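Given next are the chains, with one letter for each unit.
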Amino acid sequence: QVQLVESGGGAVQAGGSLKLSCEVSGRRFSTYAMAWFRQAPEKERLKVATVSWDSRGKSYSDSVKGRFTISRDNSKNTVFLDMNNLQPEDTAVYYCATQIHQYTDHRRTADYHFFGQGTQVTVSS
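Here is a short report on the structure shown in this document.

### So, the nonpolar core
Stage number 1. If you look at the biggest cluster of nonpolar residues, it comprises 25 residues, and the most contacted ones within it are Trp 36, Val 79, Leu 81, Met 83 and Tyr 94.
Stage number 2. For this core, the secondary-structure elements that each account for two or more residues are β3 (18-25), β4 (34-39), β5 (46-51), β7 (68-73), β8 (78-83), β9 (92-99) and β11 (119-124).

Below is the structure:
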């Protein structure tokens, strides 16, 4: 069974930084694209960043482009999200996710089938 465990969330002031981590177990990590989603209170869950299985492809939502960086370490079965210049509107529960099939386009939102339990990020002004 695929398991994803996020860590690294917390409370910061506007302009601050956090680094999220997500460790995956239960299947081979290196052949699946990974993504980070977030869900603010009373809003839908939205994709913010993706990375291909081989790290050659990455994508970001417009709201985080230039501030957030996604990366992965296939030797550690872990994906990361470096978040800089955080703003109050970044407050949300952040989830990592992986696709259901190997070697598929990392940008395909519908293919993200497995999610972690989430980690809270709170940014105060």
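### Regarding the sheet that holds β7
Stage number 1. Read from one edge to the other, the open sheet built from four strands follows the order β1-β3-β8-β7, with strand pairing classed as antiparallel. Each end of this open sheet is capped by a strand with a single partner; those strands are β1 (3-7) and β7. Here the strands of the sheet are splayed against their neighbours by 15 degrees on average, with no regard to which way each runs.
Stage number 2. Where β3 meets β8, six bridges bridge the pair, whose relative direction is antiparallel. Note on β8: the bridge partner recorded for Cys 22 is Val 79.

### Some points on the environment of Gln 39
Stage number 1. Mapped onto the fold, Gln 39 is located in strand β4.
Stage number 2. For Gln 39, a relative accessible area of 29% translates into the label partly exposed.
Stage number 3. Excluding residues that lie within four positions of it along the chain, Gln 39 makes contacts with Glu 44, Arg 45, Ala 92, Val 93 and Tyr 95.
Stage number 4. For Gln 39, the side chain forms a polar contact with the main-chain oxygen of Lys 43, separated by 2.9 Å.

### Overview of the side chain of Arg 72
Stage number 1. With respect to the element layout, Arg 72 can be found in strand β7.
Stage number 2. Buried charge without a salt bridge: Arg 72, with Asp 54 as the nearest opposite-charge side chain at an N-O distance of 7.2 Å.
Stage number 3. At a separation of 2.9 Å, a polar atom in the side chain of Arg 72 contacts the main-chain carbonyl oxygen of Phe 29.
Stage number 4. A polar side-chain atom of Arg 72 sits 3.0 Å from the main-chain carbonyl oxygen of Ser 52.
Stage number 5. Other than its neighbours up to four places away in sequence, Arg 72 contacts Phe 29, Ser 30, Tyr 32, Ala 33, Met 34, Val 51, Ser 52, Trp 53, Ser 55, Thr 78, Val 79 and Phe 80.

About the criteria used
- Residues numbered from 1 in each chain as written.
- Predicted model: local features only at pLDDT ≥ 70, side-chain atom pairs only at ≥ 80, totals over all residues.
- Heavy atoms only, no water.
- Core = buried A, V, L, I, M, F, W, Y, C linked by side-chain atoms within 4.5 Å.
- Buried < 20%, exposed > 50% of the residue type's maximum accessible area, 1.4 Å probe, protein only.
- Helix = DSSP H or I, 4+ residues; strand = E, 2+ residues; numbered from the N terminus.
- Pairing = 2+ DSSP bridges.
- Axes fitted to C-alpha atoms, helices over the stretch in contact; angles between N-to-C directions.
- Contact = heavy atoms within 4.5 Å.
- Polar contact = N/O pair within 3.5 Å; in protein donor to acceptor, adjacent residues only side chain to side chain.
- Lys, Arg positive; Asp, Glu negative; His and termini not counted.
- Salt bridge = Lys/Arg side-chain N within 4 Å of Asp/Glu carboxyl O.

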